[in-house]
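# Coordinate analysis (summary)
Letter by letter, the chains look like this.
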Amino acid sequence: MAISKVGVVGGGLMGHGIAQISAQAGWDVVLREVSDEKVDKAIGMIDKQLGRAVDKGKLEQADADAIRGRINGTTDYGELADCDLVVEAMTEDLDGKLEMWAEVDGIVKPEAVFATNTSSLPVVDQAASTSRPTQFLGLHFFNPAQVMPLLEVVRTVTTSDEALQTGFEFGEKLGKTVVSAKDKAGFIVNRLLVPYMLDAIRAYEEGFGSIEEINVAMKGGAAHPMGPLTLADFVGLDTLNSIAQVMFAEYAERRFAAPPTLRKMVA
Ligand code: 3HC
């Protein structure tokens, strides 16, 4: 389906970035958060990124203003009614997501496509909770969404060819490298990246090196842009812990288990 308006539910680390790149691609965007304070925070992050791009000479002020003008921050689900695509970017909590979809499903026009940016939860669990499981897919972005080139497009058992196509076209218009992923917890990237970050914490616990040594070693020895422990902080320890819990529950393998240090840091 042709997209002219994109809804983003959740304006945190991922949501504000998804809203920004959608507006940069030319779509009108509704960014929904739970409170005025959170709306302001999300819009503030976008303003900061656009301001930086202008300062660096990568964006004209008039273009930054136009991008900003296409983003409507709100606390009202009603503003999503005429969106063609709604992307969920809330915290990694299935109950919260289901509660949101129950409300949004009754508000947004029936032909619209719904997508989740979940990092680890099976997409079908959300799809099946809506009245439009054929128009539901996973769109998994990477932090920072403004910079990371990849988008995983996830087809679940219910996703129609048409909805999948909408996902691919959305990603391509955003300028992303689009990879098709199966609806398996963690998809491709987190299936590999999450055990790596968790194992870096275990390596630290087992005395293989200090935090700094582990980070420096993987930056210099494997040419990673960030060491694994820096990356864990960057993803967010709370988010990493939630993903680990979901993936461990799904696969019951030690490599997905949150190490004690992670649990304690989150506490
Ligand atoms: N938001 C927007 N833009 C950002 C940004 C942010 N948070 N951080 C950096 N950028 C932009 C900068 O403005 C700069 O843009 P420019 O080239 O147009 O000037 C560019 O990115 C490079 O930034 P810097 O020069 O400041 O810094 P680095 O070169 O060190 O790059 C980085 C920063 C892109 C974050 C890099 O360190 C990196 O790629 N790190 C790894 C990130 C990663 O692996 N992300 C995936 C995490 S897993 C995930 O998200 C999945 C989830 O489900 C858990």
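Structure shown above.
Our subject in this report is the structure included herewith. Here, residues in each chain are numbered from 1, in the same order as that chain's written sequence. For this predicted model, a pLDDT threshold of at least 70 governs which residues receive local features, and a threshold of 80 or more governs which side-chain atom pairs are given and counted, while totals over whole chains, interfaces and linings are taken from all residues. Only hydrogens and water are set aside when side-chain values are computed; all heavy atoms of the structure are taken into account.

### A look at the nonpolar core
- Residues Ile-18, Leu-31, Leu-85, Leu-139, Phe-141, Val-153 and Phe-170 are the most contacted members of the largest nonpolar core, which totals 38 residues.
- Residue contacts are defined here by distance: any two heavy atoms, one from each residue, within 4.5 Å place the two residues in contact. Those residues in contact with Phe-141, other than ones at most four positions away along the chain, are Met-14, Ile-18, Ile-21, Asn-117, Leu-150, Leu-151, Phe-170, Leu-174 and Lys-176. Buried residues of nine kinds, namely Ala, Val, Leu, Ile, Met, Phe, Trp, Tyr and Cys, make up a nonpolar core once their side-chain atoms join them within 4.5 Å. For each residue, the accessible area found with a 1.4 Å probe, counting protein chains only, is set against the maximum for its type, and the residue is called buried under 20%, exposed over 50%, and partly exposed in between.

### Quick look at the pattern of salt bridges
- Put simply, a salt bridge is a Lys or Arg side-chain nitrogen that is within 4 Å of an Asp or Glu carboxyl oxygen. Under the defined criterion, the tally for this structure stands at nine salt bridges.
- Here Lys-97 and Glu-92 are joined by a salt bridge, their closest N and O atoms 3.2 Å apart.
- Taking relative accessible area as the criterion, Glu-92 reaches 16% and is therefore assigned buried.
- Across the pair Asp-105 and Arg-132 runs a salt bridge whose closest N-O atoms are separated by 2.9 Å.

### Points about unusual backbone geometry
- With an omega dihedral of -5 degrees, the bond running from Asn-143 to Pro-144 counts as a cis peptide bond.
- The way it works is that DSSP assigns letters per residue, a run of H or I at least four long becomes a helix, a run of E at least two long becomes a strand, and they are numbered from the N terminus. Positionally, Pro-144 belongs in the loop between β6 (136-140) and β7 (150-155).
- Located in the positive-phi region is Phe-187, a residue other than glycine, with phi close to 50 degrees.
- Within the secondary structure, Phe-187 is located in the loop between β8 (177-182) and α7 (189-205).
- For Phe-187, a relative accessible area of 7% corresponds to the buried category.
- For Ala-223, which is not a glycine, the phi torsion comes out positive at approximately 55 degrees.
- Along the chain, Ala-223 falls in the loop between α8 (211-222) and α9 (228-235).
- Ala-223 gets classed as exposed once you look at its relative accessible area, which sits at 66%.

### Digging into α7
- Expected helix span is given by 1.5 Å per residue-to-residue step, counting one fewer step than there are residues. Spanning 17 residues, α7 covers 24 Å between terminal C-alpha atoms, matching the ideal 24 Å at 1.5 Å per step.
- Within the sequence span of α7, burial applies to Asn-190, Val-194, Pro-195, Met-197, Leu-198, Ala-200, Ile-201, Arg-202 and Ala-203.
- Where α7 is buried, its residues contact β6, α8, α9, α10 (237-251) and α11 (260-266).
- Of the residues trailing α7, Gly-207 is marked for its positive phi of about 80 degrees.

### Considering the site of the ligand
- Here a residue is near a molecule or strand as soon as one of its heavy atoms is found within 4 Å of it. Looking at the ligand, there are 19 residues lining it, with Lys-56, Lys-58, Ser-119, His-140 and Asn-143 nearest.
- Lys-56 is positioned with one of its side-chain polar atoms (N or O) 2.6 Å from an oxygen atom of the ligand.
- Here an oxygen atom of the ligand and a side-chain polar atom of Lys-58 are 2.8 Å apart.
- Here the ligand has 1000 Å² of accessible area as a free molecule, and 65% of this is covered by the chains. Two N or O atoms form a polar contact when they lie within 3.5 Å of each other; inside protein one atom must be a possible hydrogen donor and the other a possible acceptor, and for residues adjacent in sequence the pair counts only when both atoms belong to side chains. Note that accessible areas follow from Shrake-Rupley with a 1.4 Å probe, and for residues the cover is restricted to the protein chains shown.

### A word on the packing of aromatic side chains
- By convention, a stacked pair of Phe, Tyr or Trp rings (six-membered ring in the case of Trp) has centres within 6.5 Å and planes under 30 degrees apart, an edge-to-face pair has planes over 60 apart, and any other such pair is tilted. Inspection of every chain in the model, using the stated rule, returns five aromatic pairs.
- Consider the rings of Phe-141 and Phe-170, whose centres lie 6.5 Å apart with planes at 85 degrees: the pair is edge-to-face. Linking Phe-141 in the loop between β6 and β7 with Phe-170 in helix α6 (residues 161-173), this pair joins segments that are 29 residues apart in sequence. Here Phe-141 matches Phe-170 in class, with each residue buried.
- Grouping aromatic residues by their ring pairs yields a cluster made of Trp-27, Phe-141 and Phe-170.
- As a reminder, the over-ring test applies to NZ of lysine and CZ of arginine, requiring each to be within 6 Å of the ring centre and within 35 degrees of the ring normal. In this structure, Arg-32 is placed above the aromatic ring of Tyr-77, and the distance from its NZ or CZ to the ring centre is 3.8 Å.

### Considerations on the environment of Lys-176
- If you trace the backbone, Lys-176 turns up in the loop between α6 and β8.
- Once the C-alpha coordinates of Lys-176 and Leu-151 are considered, the two residues, 25 residues apart in sequence, prove to be 6.0 Å apart.
- Leave out the neighbours within four places in its chain, and Lys-176 touches Ile-21, Phe-141, Ala-145, Gln-146, Met-148, Pro-149, Leu-150, Leu-151 and Gly-171.
- At 2.7 Å, the side chain of Lys-176 and the backbone oxygen of Met-148 are in polar contact.

Shape descriptors only; they carry no functional weight alone.
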